[in-house]
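Working through the structure, step by step
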Amino acid sequence: QGITFYGSTWTMSRNNVTELLALFDAGGIATISILTGTYFKRRETSVYATLLDGLQQRKQRYVAFSNHAKVLLLTNGDDHIVIEGSANFTANPRCEQYTMTNDGELYEFHRAWMEHFLS
């Protein structure tokens, strides 16, 4: 079955996009669903195109909307990992905060609103 990945962020870096696609290609991630802000689509057009093309070629999901939430969801078997924080999926050298839990109920809460926008 493999690892299911949901990621919500305002913007992404090229390195994070290429690493995510490489993880998928290597079988480290079974499914990818990404949600970004419209800022990413407008201001990082080259990185956006790399992400969109890469996900479409792999039949994975993406949506851009008025989004600023930074949430990462991972499932593997009975584990439901939720990472909530302040950082975008970039490499900016700032002080950021994260909370990481293994909580099925919290996972389902975030997955539900993400699925709403992905549908």
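Now for a look at the structure at hand. Computed from a prediction, not measured in an experiment: that's the story for all the values here.

Quick notes on the rules
- Residues numbered from 1 in each chain as written.
- Predicted model: local features only at pLDDT ≥ 70, side-chain atom pairs only at ≥ 80, totals over all residues.
- Heavy atoms only, no water.
- Helix = DSSP H or I, 4+ residues; strand = E, 2+ residues; numbered from the N terminus.
- Core = buried A, V, L, I, M, F, W, Y, C linked by side-chain atoms within 4.5 Å.
- Buried < 20%, exposed > 50% of the residue type's maximum accessible area, 1.4 Å probe, protein only.
- Contact = heavy atoms within 4.5 Å.
- Polar contact = N/O pair within 3.5 Å; in protein donor to acceptor, adjacent residues only side chain to side chain.
- Expected span 1.5 Å × (residues − 1).
- Arc of directions from axis to C-beta.

**Here we look at unusual backbone geometry**
A positive phi is found at Lys-59, a non-glycine position, where the angle reads about 60 degrees. Following the sequence through the fold, Lys-59 ends up in the loop between α3 (45-57) and β3 (61-65).

**Re the nonpolar core**
Ranked by internal contacts, the top residues of the largest apolar core, which has 19 residues, are Phe-5, Ile-32, Ile-34 and Leu-51. Mapped onto this core, the elements with two or more residues apiece are α1 (14-25), β2 (31-37), α3 and β5 (79-85). The residues contacting Phe-5, other than those within four sequence positions of it, are Leu-20, Ile-29, Thr-31, Ile-32, Ser-33, Ile-34, Leu-72, Leu-73, Leu-74 and Phe-89. Residues Tyr-6, Phe-65, Val-82 and Met-114 belong to the second largest nonpolar core, which totals ten residues.

**Describing the side chain of Thr-36**
By the element assignment, Thr-36 lies in strand β2. By relative accessible area, which is 0% here, Thr-36 ends up buried. Polar contacts involving the side chain of Thr-36 include one to the side chain of Tyr-62, which spans 2.6 Å. With residues up to four places along the chain from it excluded, the contact list for Thr-36 reads Thr-9, Trp-10, Met-12, Tyr-62, Val-63, Ala-64, Phe-65 and Asn-67.

**Observations regarding the environment of Phe-89**
Secondary-structure assignment places Phe-89 in the loop between β5 and β6 (98-102). If near-sequence neighbours (up to four positions away) are discounted, Phe-89 is found in contact with Phe-5, Gly-7, Ser-8, Thr-9, Thr-11, Met-12, Ser-13, Asn-16, Val-71 and Leu-72.

**Topic: the environment of Glu-84**
As for its placement among the helices and strands, Glu-84 is situated in strand β5. A C-alpha to C-alpha distance of 8.8 Å links Glu-84 and Thr-101, two positions 17 residues apart in sequence.

**A short note on helix α4 (residues 104-118)**
An ideal rise of 1.5 Å per residue puts 21 Å on 15 residues; α4 measures up with 20 Å between its terminal C-alpha atoms. Turning to α4, its buried residues are Tyr-107, His-110, Met-114, Glu-115 and Leu-118. End-on view of α4: buried residues confined to an arc of 140 degrees, all on one side of the axis. Residues of α4 that are exposed and angled more than 90 degrees away from the buried face: Glu-105, Phe-109 and His-116. Next to the buried residues of α4 lie β1 (4-8), β2, β3, β4 (71-76) and β5. With a side-chain oxygen lying 3.0 Å from the backbone nitrogen of Glu-105, the N-terminal cap of α4 falls on Asp-103.

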